[in-house]
Amino acid sequence: MSSHLSSRLIATARAFDSPVATANIPVYRASTVLMRDLDEARRVGEAVGRGDRHASSYGTAGTPSTMALMDAVVELEAPGHDCRAALMPSGLSAISTLLLALLGPRDHLLVPDSVYGPTRAFCDGMLTAHGIEVEYYAPAIGAAIESRIRPNTRLIYLESPGSYTFEIQDIPAICAVARRRGVLTAVDNAWASPVFARPFDWGVDASVLPLTKYWSGHSDVLMGAAVVRAELWPRLWATVRGLGLCVGGDDAYLILRGLRTAEVRMRRHQENGLVVARWLASRPEVARVLHPGLPDHPQHALWQRDFSGASGLFAFELTRAATGAHGAGFNPATAALCERRRHFGIGYSWGGFESLIMPARLEGGRSVEPWTGGALVRVHIGLEDPADLIADLEEGFEAMRAVVSRGA
Ligand SMILES: Cc1ncc(COP(=O)(O)O)c(C=O)c1O
């Protein structure tokens, strides 16, 4: 099979045992799995217990639809590495299940301060209640993470770029320290997806992928995957089985359909995103644009070294003059900018074909480096023509100016 990603996206998960050769694997829906005889029932049950990903004795253990997607996830996210993947009903459930699988009472977990909000809530809530010590660190810490490692540190969690503030982490440096100190690493690879990042080449032990985002690409399905090195698979699989987590064949089909076009979509998200980001950087209302692909981004060199592209998600900070007395968050100034746009919807879940805009609310969300800047607005740049997006934002800035000058 070709080693180029665009070809692998097309070739993966297409083979199945049927006399009728359709281009796509059909949808298998199943709760009951029938076995020919009791001997087969015993053998299949044992194989599922061993963590064999191609054995199923029950709908929750998998169907040809979900097994094909599991294989595709490993092939695309961890080429050349001995890894396994499990599918979960959302990206967040992939994150929480992975953390539950790898951590136990009295373990110490290091988490970047810029982590996705619901991941932070899970760490502060359920993990803390289960006796896990959670400590946050500055995302730009790099190899200095070593100073935070304690005798009971079990896992360093990573997310690059950070949610809303888009810091790029020096993941290879952190992984080198972690490996030397016998600590595991896991990364949220939502933003870049396998199209623009290969986290297992950086040295991570596990990654989580919200397939909801760029894998699906169409804003119509929720799913997540946790990918681990083979030695961690028994713990992950036991946790997934114990919690009864599984996904349906229809949803697996939608993700497989979306991923065929992931590379072309991502290139367009990147192209459009950079056009809009550069335009925003030239606007008087904008203090700075937080996009790792722009040369003035503080970790632009790291992004160039470790990523092969940028997706369509980034943020910009408004000047204090632009928002007047209103400041950050949800208020009449940011509402004027974001509401009633022709091409930008207001929504949280990103990664689909469409553009989105949303003011950030970071108050209380950071403990190591609280956000002290002006109003931050996150955009997801979709597949529309960037000229239309720019015209739309221009109208938004005009509406904001009118609100601020009225003192409304
Ligand atoms: C960085 C990041 N990780 C994980 C998730 C969770 O994905 P899901 O919506 O599939 O639960 C999101 C969702 O916005 C995200 O932004």
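What you see is a predicted model; the values in this text were computed from it and never measured. (Residues numbered from 1 in each chain as written. Predicted model: local features only at pLDDT ≥ 70, side-chain atom pairs only at ≥ 80, totals over all residues. Heavy atoms only, no water.)

1. Notes on the overall build of the protein
Scanning the protein from N- to C-terminus turns up 15 helices and twelve strands. Taken along its principal axes, the extent of the C-alpha atoms in the protein is 80 × 55 × 35 Å. Relative to its full complement of 408 residues, the protein shows a buried share of 57%. Residue pairs at least 24 apart in sequence account for 74% of intrachain contacts in the protein once pairs closer than 6 positions are excluded. (Helix = DSSP H or I, 4+ residues; strand = E, 2+ residues; numbered from the N terminus. Buried < 20%, exposed > 50% of the residue type's maximum accessible area, 1.4 Å probe, protein only. Contact = heavy atoms within 4.5 Å.)

2. Observations regarding unusual backbone geometry
Across the junction of S160 and P161, the peptide omega takes the value 0 degrees, indicating a cis bond. Within the element layout of this structure, P161 appears in the loop between β4 (153-159) and α6 (171-181). Of note in this structure, F166 is not a glycine but carries a positive phi near 60 degrees. With respect to the secondary-structure elements, F166 resides in the loop between β4 and α6. For F166, a relative accessible area of 1% translates into the label buried. A positive phi angle is found at S193, which is not glycine, with a value near 60 degrees. Residue position: S193 is located in helix α7 (residues 193-196).

3. A short note on the packing of aromatic side chains
Summed over the entire model, instances satisfying the criterion amount to six aromatic pairs. Taking 6.0 Å as the distance between ring centres and 35 degrees as the angle between the ring planes, the aromatic pair formed by W279 and F397 counts as tilted. Remark: F397 occurs in helix α15 (residues 386-406) and W279 occurs in helix α11 (residues 262-281); sequence separation between them is 118 residues. The two residues W279 and F397 agree in class, both being buried. With 6.3 Å between their ring centres and 70 degrees between their planes, F316 and F397 make a pair best called edge-to-face. Pair noted here: F316 is in strand β9 (residues 313-318) and F397 is in helix α15, with a separation of 81 residues, a long-range link. (Phe/Tyr/Trp six-rings, centres within 6.5 Å; stacked < 30°, edge-to-face > 60°.)

4. What about the sheet that holds strand β7 (residues 224-229)?
Strand order across the open sheet formed by seven strands is β1-β7-β6-β5-β4-β2-β3, with mixed pairing between neighbours. Strand pairing shows two members of the sheet lacking a second neighbour, β1 (83-88) and β3 (133-137), which therefore form its edges. For this sheet, the mean inter-axis angle between neighbouring strands, taken without regard to orientation, is 20 degrees. Where strand β5 (residues 184-188) lies against strand β6 (residues 206-210), three bridges are found, and the strand directions are parallel. Across the sheet, residue A186 finds its bridge partner in β6, namely A206. The sheet strands contacting helix α9 (residues 233-243) are β1, β4 and β7, and the helix crosses β1 at an angle near 15 degrees. (Pairing = 2+ DSSP bridges. Axes fitted to C-alpha atoms, helices over the stretch in contact; angles between N-to-C directions.)

5. A look at the site of the ligand
Near the ligand, the surroundings consist of 13 residues, among which G91, L92, D188, T212 and K213 are the closest. Backbone polar atom of L92 to an oxygen atom of the ligand: 2.9 Å apart, as the coordinates give it. The side chain of W350 places a nitrogen or oxygen atom 3.1 Å from an oxygen atom of the ligand. Relative to its unbound accessible surface of 390 Å², the ligand loses 90% to contact with the protein. The dominant element in the shell around the ligand, judged by the number of residues it contributes, is helix α4 (residues 91-102), at three residues. Taken together, the residues of the shell around the ligand sort by class into six nonpolar, four polar and three charged. (Near = heavy atom within 4 Å. Polar contact = N/O pair within 3.5 Å; in protein donor to acceptor, adjacent residues only side chain to side chain. Areas by Shrake-Rupley, 256 points an atom, 1.4 Å probe, with all protein chains shown as cover. Nonpolar A, V, L, I, M, F, W, Y, C, P; charged D, E, K, R; others polar.)

6. Notes on the sheet that holds strand β11 (residues 355-359)
In sheet architecture, strand pairing relies on hydrogen bonds along the backbone and comes in two forms, parallel and antiparallel. Here we have five strands laid out as an open sheet, ordered β8-β9-β12-β11-β10, and mixed in their pairing. With one partner strand each, in any of the chains shown, β8 (286-290) and β10 (344-345) form the two edges of the open sheet. Direction of pairing for β8 relative to β9: antiparallel, over a ladder of four bridges. Across the sheet, residue L290 finds its bridge partner in β9, namely A315. Strands β8, β9 and β12 (376-380) of the sheet are contacted by α11, whose axis makes an angle of about 5 degrees with β9.

7. Examining the pairing of β3
As defined by bridge partners, strand β2 (residues 108-112) adjoins β3 across five bridges and the pair is classed as parallel. Considered in β3, the bridge of H108 is made with E133. For the segment spanning β2, helix α5 (residues 117-129) and β3, crossover handedness is right-handed. (Right-handed = clockwise from strand over helix to strand, strands pointing away.)

8. Some details on the pattern of salt bridges
Scanning the model with the defined rule gives 26 salt bridges in all. For the salt bridge of R53 with D71, the shortest nitrogen-to-oxygen distance reads 3.7 Å. Residue R53 is located in the loop between α2 (38-50) and α3 (64-77), and its partner D71 is located in helix α3; the two are separated by 18 residues in the primary sequence. Its relative accessible area of 17% is what places R53 among the buried residues. The exposure class of D71 is partly exposed, given its relative accessible area of 27%. Ionic contacts of the salt-bridge type, sharing partners, join the residues D39, R42, R43 and E46 into one network. (Salt bridge = Lys/Arg side-chain N within 4 Å of Asp/Glu carboxyl O.)

9. Quick word on the side chain of E263
Structurally, E263 is set in helix α11. Judged by relative accessible area, E263 falls into the buried class, the value being 17%. Apart from the residues within four sequence positions on either side, E263 is in contact with L5, S6, L9 and V195.

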